[in-house]
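Tertiary structure, described
Now for the letters of each chain:
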Amino acid sequence: MKRRLSKAIFPVAGLGTRFLPATKSIPKEIMTLVDRPLIQYAIDEARAAGVREFIFVTSRGKSALEDYFDHAPELEAALRRAGKTELLETLKATNMESGAIAYIRQHRPMGLGHAVWCARRLVGDEPFAVILPDDVIDAETPCLKQMVEAFEETGGNIVAAMEVPPARTSAYGILDIAEDRDPLVAVRGMVEKPAPGTAPSNLAVIGRYILTPAIMGHLNRIKGGAGGEIQLTDAIAREIEETGNVYGFRFRGRRYDCGSKAGFLQATVAFGLARADLGPEFWDYLVEMVAMRRAAQ
Ligand code: G1P
């Protein structure tokens with residue numbers, strides 16, 4: 001019998017070196033798009049998909065993340081005294097029900113697969129989602145919710161997928177397509193960061209997964225792959241070989257690679273423009289800026 005998805009793993013142990021010096025003292029997941037940290041977008045998306053248990057795989061130097069999801073009694077009292085009810089409401093989205101959130105340490109940076117495996121005891125014998133907060137997806141129906149529907153239909157492992165330019169395939173997990181039933185794609189293989197010119201397609205895996213407990217079993221056994229790290233892609237590839245029960249899912253929405261500076265800036269512009277309170281003024285500013293740049297050329 002199929003089980004409902006209620007747990008999600010958030011691998012947040014990375015050093016975030018691409019954003020130094022900012023990430024010297026703050027976790028990159030706390031960096032903000034407009035006024036909300038990246039991690040808040042990931043949590044909201046998980047909640048919208050029915051997730052009730054949140055598992056963070058962290059590392060040293062990430063305590064700001066734990067504080068972020070805690071109550072802030074002094075701040076809340078000050079806002080209450082000042083009658084700032086709207087801000088109090090905003091803070092509520094950062095609070096977790098007691099016991100709903102767990103933190104596990106990944107003691108050494110051994111790859112995404114290893115980070116996911118660190119959560120194996122908390123996941124137990126249930127399906128689970130994996131959300132990479134670097135990948136921010138702007139969508140009418142949140143991406144993970146779209147995937148839950150596909151999971152309920154197939155009962156199989158689902159990975160979010162998106163076409164990327166052929167020159168970029170070596171930065172992603174890439175799907176080998178068996179049958180394209182858009183938006184679902186049956187796959188016959190999956191390869192992590194293929195060398196240029198060797199990718200089986202240009203359909204890339206994006207940081208949203210719904211996985212069955214069998215994947216944890218594969219993670220128990222696999223050895224280091226691309227870059228010497230334990231790759232989640234390799235565990236999923238093993239499942240494809242053994243059962244074929246893995247699907248790519250072309251989500252509806254726009255993905256921003258907030259693990260890169262360019263992607264982060266693009267997301268900032270897009271989310272800024274989308275805000276009712278900021279968008280119109282920001283638009284005027286951008287138009288003026290573009291006109292000035294053009295005139296100077
Ligand atoms: C990870 C995964 C890769 C996936 C990518 C999506 O790579 O290993 O398969 O395509 O996320 O963002 P990373 O970007 O952490 O190197």
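Residues numbered from 1 in each chain as written. Predicted model: local features only at pLDDT ≥ 70, side-chain atom pairs only at ≥ 80, totals over all residues. Heavy atoms only, no water.

1. Here we look at the nonpolar core
Phe10, Ile39, Phe54, Phe56, Leu144 and Ile158 are the most contacted members of the largest nonpolar core, which has 38 residues in total. Contributions of two or more residues to this core are made by strand E1 (7–11), helix H1 (38–48), strand E4 (53–58), strand E6 (128–131), helix H7 (143–154), strand E8 (157–163), strand E11 (203–211) and strand E12 (246–250). When sequence neighbours within four positions are dropped, the list of residues in contact with Phe56 reads Phe10, Val12, Ile39, Ile43, Phe69, Ile101, Ala102, Tyr103 and Ile104. By size, the runner-up hydrophobic cluster in this structure holds 32 residues, among which are Ala115, Ala161, Ile215 and Ile240. (Core = buried A, V, L, I, M, F, W, Y, C linked by side-chain atoms within 4.5 Å. Buried < 20%, exposed > 50% of the residue type's maximum accessible area, 1.4 Å probe, protein only. Helix = DSSP H or I, 4+ residues; strand = E, 2+ residues; numbered from the N terminus. Contact = heavy atoms within 4.5 Å.)

2. Overview of the site of the ligand
Around the ligand, the structure places 13 residues, and the nearest of them are Asp135, Gly173, Glu192, Lys193 and Val205. Contact between the ligand and Asp135: an oxygen atom at 2.8 Å from a side-chain N or O atom of the residue. The separation between an oxygen atom of the ligand and a polar main-chain atom of Val205 is 2.6 Å. With the chains in place, 74% of the 380 Å² that the ligand exposes on its own is no longer accessible. The leading source of residues in the shell around the ligand is E11, at 3 residues. Grouping the amino acids of the shell around the ligand by side-chain chemistry returns 5 nonpolar, 4 polar and 4 charged. (Near = heavy atom within 4 Å. Polar contact = N/O pair within 3.5 Å; in protein donor to acceptor, adjacent residues only side chain to side chain. Areas by Shrake-Rupley, 256 points an atom, 1.4 Å probe, with all protein chains shown as cover. Nonpolar A, V, L, I, M, F, W, Y, C, P; charged D, E, K, R; others polar.)

3. Describing the environment of Glu76
Looking at the secondary structure, you find Glu76 in helix H3 (residues 73–81). Taking relative accessible area as the criterion, Glu76 reaches 13% and is therefore assigned buried. C-alpha of Glu76 to C-alpha of Leu91: the two residues are 15 residues apart in sequence and 8.2 Å apart in space. With near-sequence residues (within four places) excluded, Glu76 lies in contact with His71, Leu88, Leu91 and Asn95.

4. Points about the pattern of salt bridges
For side chains of opposite charge, pairing can occur when their charged atoms come near one another. Within this structure, the stated rule accounts for 16 salt bridges. In this structure, the salt-bridge partner of Arg250 is Asp180, at a minimum N-O distance of 2.9 Å. Here Arg250, found in strand E12, pairs with Asp180, found in strand E9 (residues 173–181); they are 70 residues apart in sequence, far enough to count as distant. Overall, Arg250 belongs to the buried group, its relative accessible area being 17%. For Asp180, a relative accessible area of 40% puts it in the partly exposed group. Its salt-bridge partner being Asp257, residue Arg255 comes within 4.0 Å of it at the nearest N-O pair. Pair check on accessibility: Arg255 and Asp257 agree, each one buried. (Salt bridge = Lys/Arg side-chain N within 4 Å of Asp/Glu carboxyl O.)

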